[in-house]
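# Close look at the chain arrangement
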Amino acid sequence: MFKLFAVPTIVAVASATGKGYDMSCPEGYELMGAECMKTVTVPYQTKEVPTVSVVEPEMVCPKGTTMSGKACEKVLAMNKIAKMATVRKPVTTCPKGAEGPSKDGKCTMNKWAQTTVVEPVAVPDRSTTVMKKPYEVPVSKSVSVPGPSTCPKGTSNDKKGNCIVEGLTTEYETMVKEVALSIPVNTPSSITECPEGTYEANGKGKGGDCVAQTSQQTVETLSSEKTVRNPVLASKVTSYSLPAEILKSTEVCPQGSTANKDGTCSLTLSRSTLEPYSVTVASDYPVLEEFPQTLTLTRVSLVPTYYCPKGTTPVGGTEDKKGGVVGDASLICQVDLPAGTPTTVSAPVIMKKARFEKRPVEVTVNKVEAVPVEYCPKGSTEDKNGNCVVTVTTQKPVTTTQEHTECPPGSEFTTGSKAAKCKKPTMVTVPATQLPGDMKSKVPQYSCPEGTTPVGEGPSMECAAPTWEEVPMESFTTTSVSFVPKTVTEVVPKLYRYETRTVTETAMTEEVYTVYDEIVLEETSADVVHSTTTETVPALVRFDRVVETETQTVTNSRVAYYPCIPADGVTPVASSYGHGDKHDKHDDDDDKHGHHDYVPSSSKKGSSEGSGSCLVETHYKVVTETYTELVPAVASYYVEQDSSASAMSTAEETYLTYETTTMTETSSSVATTTSNEVVPANVVTSYHTTSEPQTVTETHVITRSVPMTETVTAIPTFSTVVEQETATSEEVYAAPVCPAPAPEKHSSRRSRRHSRKHHEEEEVEVDTKKGCTLEETRLGKQTTMISEEVLATTEYVEESYTSYVCPPGTTDDGKTCTGMETVPAVPQCP
C-alpha cells in the first residue's frame with residue numbers, strides 16, 4: 001500500500017540570471033504542482049474511513065541540530081586565529097667607556113685630564129766675560145826664478161835641445177790596372193699553369209689540360225599519394241525510455257485531483273512519444289586544386305678574360321674596375337729588360353804638395369812679484385784711526401716673574417664674554433610631568449619636556465639634561481732667567497799678507513806654417529752604360545663563371561578541403577559525434593621546392609566547384625503531452641509508474657562520419673646538372689737577368705806620404721817659488737764664567753689658558769756652589785683621573801609574538817573554539 005505525504009515547497013532564488021525562482025523539494029520528495037510529494041510504503045490495512053483529513057506538517061530540526069525556540073542550532077568547532085602582536089621594551093645603556101647605569105639612570109664616565117702644576121727647572125748659567133789669547137797666521141810669498149826654456153806651441157823637443165816642427169808632404173805617381181765590368185744578360189724561361197677559376201685535370205697538369213666546372217638546372221615533377229577522408233552518413237540504433245503512468249483508485253479522491261460539480265474527480269496525466277527531427281551538419285570535402293609555382297633556373301658558363309702577367313706592360317685592352325687592363329686574345333704584353341755597354345772616361349786630377357815656411361814672432365814671458373798688504377784679523381774692524389778693534393758681547397743673568405691662570409681639570413675655557421671664565425659639564429634634573437589624560441588611570445603615564453632625557457619609570461621618573469656650570473680659575477706664578485748683553489771694545493794687532501802681481505817681458509821665436517803647391521795628373525776610369533730592351537710575352541687568361549637565371553612557371557596540384565554547400569536557408573552545425581577535425585592541415589613540404597600562392601578554403605566561401613551538399617543527420621526527441629482522465633468523485637486516485645507500459649523504444653538515427661580514400665598530389669622541384677669543360681693552360685714567360693764579366697784598363701794616381709822637419713828658437717820661462725812667513729795678532733772673545741751643564745729636554749703641550757705677564761727684572765748673583773746653574777719655575781702638566789656624570793641612552797626594542805584567539809561570537813574551550821550555527825527547520829508530517 002502507498003501513502004502520499006505533502007509538504008510545502010522550498011523556494012530558492014535563481015543565480016544572477018534574473019529569470020525568477022526555482023521550486024525545489026527536500027530530499028526524498030518530488031515536486032507535483034506547487035507541493036512536494038513523498039511516497040512511503042506501509043502495511044496494507046483494511047479500514048472503513050468515511051473521510052480523509054489533511055493536517056499541517058510539523059517543523060523538525062535536521063539531524064545533528066537542536067531546537068532553540070523556532071530555530072535549529074548546530075554546534076561548530078573552529079580553529080583559533082593566529083594574531084601577531086608587538087611589545088616595546090625599554091633598554092637602557094651607557095655610552096662607550098662609561099660605567100652603569102645606576103638606579104637613578106645615570107652613567108659615570110672616568111677619563112684622564114691634564115692638570116697644571118708649577119715645576120722648578122735648573123737652567124745653565126750662560127754668563128760670559130772678555131778673554132784674549134795670541135794666535136799666528138802663516139803668510140805665503142811668491143818669488144820668480146829662471147827655469148828651463150820651452151818650445152813654442154805646435155813644436156816639439158828633439159831631445160838635443162832643439163825645437164822642431166814635424167809634418168808630412170805627399171809624392172804622386174800613376175798606375176795602370178785592369179777592371180772587370182758586369183754586363184747584364186737576360187735568359188727567358190716558360191712554365192704552364194691553369195687559369196684562375198680552373199683546376200688541373202690529372203692533378204699534375206699533364207698535357208696542359210685544365211678543367212672548369214659549369215652547371216645547368218631543369219624542372220622535375222613528382223607525384224605522391226595522399227590519404228583523404230570523405231564525409232558520409234552512417235546509421236545507428238538509439239534506445240529511448242518512454243515513461244507511462246496508470247491510474248489507480250481508492251475510495252476517496254487522490255491528493256492533487258480536482259473535484260468536479262458532477263461528483264467526479266479530474267486528474268492531469270502525461271504520455272510520451274518519439275518524434276524524429278533532422279539536423280544539417282557542416283563537413284569538408286577533399287578536392288584536388290591546382291596552383292601555380294614559379295621556379296628560378298640558373299645556368300653557369302665560362303667567359304675568358306685575358307690579362308698581362310705581373311711586371312709586364314699591356315698594349316691595348318681596356319681598364320677594369322680594379323684598375324687593371326684586360327682584353328681579348330689579341331692582347332699584347334711587353335716587358336722591359338736591362339742591357340749595358342762598357343765605356344772608358346779620362347779626367348784630370350789636381351793634387352796638392354805641402355812644404356814648410358818660417359816667419360819671426362814676438363811672445364810674452366811672465367814673472368811674479370810679492371807686495372806686502374796689512375789687514376785686520378777676521379771678526380775685527382778698522383776704526384777711523386786705522387786701528388783694528390773687536391767688539392765682544394758679554395751677558396749677565398736677570399730674573400723675571402710671570403702670573404698665569406688656568407681652568408681646573410675637566411673644565412674648559414669659554415669665549416665670547418668680556419671676562420675670562422671656565423666652565424665644566426654637569427647634569428640637571430626636573431620631575432617628570434604626568435600626562436593629563438592618564439590622571440584617573442591605574443598606570444599613569446609620565447612625559448619629559450623636549451630636549452631632556454627620561455631617567456627611571458613611573459612616579460619616580462626624572463627628566464635630565466646636560467648643561468654647564470661656571471668654576472673659578474686657578475692662578476700660578478712662574479719665574480724665568482734671562483741674560484742681559486753688555487758690549488766691550490778691544491784693540492788687536494794687524495796682520496799682513498803678500499799680494500802677487502805679474503810682470504810681462506818680450507822674447508823672439510819663429511812661427512812655422514804650411515804652403516801647398518798644385519800638381520795636375522790624369523786618370524782614366526771604366527764604367528757600364530745601362531739601357532733597356534723590350535720583349536713580348538704571351539698574355540694570361542682567366543675564366544669567370546657567369547650565372548644566367550630564368551624563371552619558369554609550372555602547375556602543381558594538392559588536396560584541399562572545402563566546406564559543404566548547405567540547403568537554402570539552413571545553417572549547418574558541427575557534428576555532435578566528433579569524427580575527425582573540421583579541416584586537415586596542408587602538408588608542410590608544399591614550399592620545399594619553390595614559392596606558390598595558396599588560397600585557404602575560407603577565401604573560397606560560396607564556391608561550389610568540387611564540393612558536395614551538406615549531409616543531414618536524423619535524430620529523435622521525446623515529446624510529452626498531457627491529457628485529463630475523469631474518475632468518480634467517491635474514489636481517490638493516485639499515480640504510479642507502469643512498469644509494463646514504460647518500455648524501451650528504439651529508433652534508427654543517422655550521423656556524420658568519414659571514410660578514407662586516396663588522391664594524387666603533384667609538386668615540382670629544381671634539378672641541377674654539373675659538367676666539366678676543358679680549357680688550355682696559360683703559358684707564363686719570365687726572364688732571369690745575370691751579369692757577364694768584361695775586362696777593361698783604368699789609370700789611377702797613387703799617393704805616398706814623406707816626412708819633413710823645420711827648427712825654431714826656444715822661449716825662455718820663469719818658475720814661481722813660494723816662501724813661508726808668520727804674522728801674529730790676538731783673538732778677543734767672550735768666555736763663559738763656568739762650564740754649562742748638558743741641556744735638559746722639556747716636553748711642551750698646548751693648553752688653552754689666560755696669562756698675565758709682570759716684567760719684574762733683577763740681577764742674579766752667580767752662585768758657583770750650585771754647579772753654575774740657575775733655577776727658574778715653569779708651568780707643567782700632570783695626568784689625573786676625573787669622573788663625570790653622563791646620561792644613559794634609552795632605546796626601545798620591539799619584540800613580536802604570536803597569540804591565538806577565537807573568532808568573534810565563539811567561546812574558547814582550550815585548544816579549539818566553539819560556535820553556534822543557525823539552520824532552518826525542516827517540515828515533517830506527524
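A quick note: this is a predicted structure, and the numbers were derived from the prediction, not measured. Numbering of residues starts from 1 in each chain and follows the order in which that chain's sequence is written. Totals for whole chains, interfaces and linings use all residues, but because this is a predicted model, local features are given only for residues with pLDDT of at least 70 and pairs of side-chain atoms are given and counted only at 80 or more. The side-chain figures draw on all heavy atoms in the structure; neither hydrogens nor water molecules are used.

### Some points on the overall build of the chain
A count of helical and extended segments in the chain gives 0 helices and 46 strands. Think of it in three bands: residues with accessible area under 20% of the maximum for their type are buried, residues over 50% are exposed, and the middle band is partly exposed, with areas taken using a 1.4 Å probe on protein chains only. Relative to its 830 residues, the chain shows a buried fraction of 26%. Any two residues whose heavy atoms approach within 4.5 Å at even a single point are treated as in contact. Partitioning the contacts of the chain with sequence separation of at least 6, the portion at a separation of at least 24 is 87%. On the chain, roughly 55,200 Å² of surface is accessible, and the fraction owed to carbon and sulfur atoms is 50%. Note on conventions: DSSP H or I runs of at least 4 residues are helices, E runs of at least 2 residues are strands, and numbering of each starts at the N terminus. Areas reported as accessible are Shrake-Rupley estimates using a 1.4 Å probe. Residue values count occlusion only from the protein chains shown.

### Considerations on the confidence of the model for the chain
Per-residue pLDDT for the chain has a mean of 77; in total, 81% of the residues score no lower than 70. In this model, residues 577-609 is a region of pLDDT below 50 whose contacts with residues beyond four sequence positions or in other chains number 57 contacts. Here residues 740-769 is a poorly scored stretch, pLDDT under 50, and it has 55 contacts once near neighbours within four places are set aside; other chains count. As a per-residue measure, pLDDT reflects the predictor's confidence and takes values from 0 up to 100.

### Let's talk about the state of the cysteines
Where two cysteines share a covalent bond between their sulfur atoms, that bond is called a disulfide. Any cysteine sulfur atom paired with another within 2.5 Å is treated as part of a disulfide. Taken as a whole, this structure holds 10 disulfides when the rule is applied. The disulfide partner of Cys-94 is Cys-107, and the S-S distance across this bridge is 1.9 Å. Measuring handedness by torsion sign, the sulfur bridge of Cys-94 and Cys-107 sits at about -85° and is left-handed. With Cys-94 in the loop between strand S9 (81-93) and strand S10 (106-124) and Cys-107 in strand S10, the pair connects residues that are 13 residues apart, well separated along the chain. Across the pair, Cys-107 and Cys-94 agree in class, each one buried.

### Focus: the sheet that holds strand S8 (residues 71-78)
By the convention used here, strands pair only if DSSP detects at least 2 bridges between them. Taken in spatial order, the 4 strands make up an open sheet running S7-S8-S45-S44, and their pairing is antiparallel. Only two strands of the sheet have a single neighbouring strand rather than two, namely strand S7 (66-68) and strand S44 (811-812). Here S44 runs beside strand S45 (residues 817-823); their pairing, made up of 2 bridges, is antiparallel. In the sheet register, Thr-811 faces S45, and the bridge partner there is Thr-818.

### A few points about the packing of aromatic side chains
The pairing test for Phe, Tyr and Trp rings, Trp by its six-membered ring, is centres within 6.5 Å, and the orientation test on the planes gives stacked under 30 degrees, edge-to-face over 60, and tilted for anything in between. The full count for this structure, using the stated rule, is 1 aromatic pair. Consider the rings of Tyr-496 and Tyr-498, whose centres lie 6.0 Å apart with planes at 90°: the pair is edge-to-face. Tyr-496 sits in the partly exposed class, given a relative accessible area of 24%. Judged by relative accessible area, Tyr-498 falls into the buried class, the value being 17%. The criterion is that NZ of a Lys, or CZ of an Arg, lies within 6 Å of the ring centre and within 35 degrees of the ring normal, and then a charge sits over that ring. Arg-359 extends its terminal NZ or CZ atom over the ring of Tyr-513, reaching a point 4.4 Å from the ring centre.

### Describing the side chain of Glu-698
Relative to the elements of secondary structure, Glu-698 occurs in strand S39 (residues 682-712). Just so you know, the count uses Lys and Arg for positive and Asp and Glu for negative, and it drops His and the chain ends. By convention in these notes, a salt bridge is any Lys or Arg side-chain nitrogen within 4 Å of a carboxyl oxygen on Asp or Glu. For the buried Glu-698, which has no salt bridge, the nearest side chain bearing the opposite charge is Lys-177, at an N-O separation of 4.9 Å. A polar contact is formed between the side chain of Glu-698 and the backbone nitrogen of Ala-526, at a distance of 2.6 Å. Other than its neighbours up to four places away in sequence, Glu-698 contacts Met-175, Val-176, Lys-177, Val-179, Thr-524, Ser-525 and Ala-526. Here a polar contact is recorded for every N or O atom pair within 3.5 Å, except that within protein the pair must consist of a potential hydrogen donor and a potential acceptor, and residues adjacent in sequence are included only if both atoms are side-chain atoms.

### Describing the sheet that holds strand S27 (residues 422-431)
Pairing is antiparallel in the open sheet, where 4 strands are placed in the order S26-S27-S31-S30. Edge positions in the sheet fall to strand S26 (412-413) and strand S30 (453-455), since each has one partner strand and no second. Note that S26 and S27 share 2 bridges and pair antiparallel. Within S27, the position partnered with Glu-412 by the bridge is Lys-423.

### A few points about unusual backbone geometry
Of note in this structure, Lys-159 is not a glycine but carries a positive phi near 70°. Of note, Lys-159 is situated in the loop between strand S12 (156-157) and strand S13 (163-193).

### A look at the environment of Pro-360
Positionally, Pro-360 belongs in strand S23 (residues 332-375). Once the C-alpha coordinates of Pro-360 and Val-712 are considered, the two residues, 352 residues apart in sequence, prove to be 9.4 Å apart. Once you skip the residues sitting within four places of it in the chain, Pro-360 turns out to touch Met-508, Thr-509 and Glu-510.

### Things to note about the pattern of salt bridges
Under the definition given, this model contains 18 salt bridges. Between Lys-132 and Glu-490 there is a salt bridge, with the nearest N and O atoms lying 2.8 Å from each other. With a gap of 358 residues between them, Lys-132 in strand S11 (residues 128-150) and Glu-490 in strand S32 (residues 474-492) connect regions that are remote in the sequence. The closest approach of N and O atoms between Arg-355 and Asp-517, which form a salt bridge, is 3.1 Å. Placement of the pair is Arg-355 in strand S23 and Asp-517 in strand S33 (residues 495-537), with a sequence separation of 162 residues. Among the residues examined, Asp-517 registers a relative accessible area of 33% and is labelled partly exposed. Taken together, the salt bridges that share partners define one network made up of Arg-355, Glu-357 and Asp-517.

### A look at the environment of Glu-652
Mapping Glu-652 onto the fold places it in strand S38 (residues 648-680). As a C-alpha pair, Glu-652 and Pro-276 span 376 residues in sequence and 9.7 Å in three-dimensional space. If we skip the residues at most four places from it in the chain, Glu-652 touches Ser-235, Lys-236 and Tyr-620.

### Observations concerning the environment of Pro-736
Its location among the elements puts Pro-736 in strand S40 (residues 715-736). The exposure class of Pro-736 is exposed, given its relative accessible area of 52%. What Pro-736 contacts, discounting residues up to four positions off in sequence, is Ser-127 and Thr-128.

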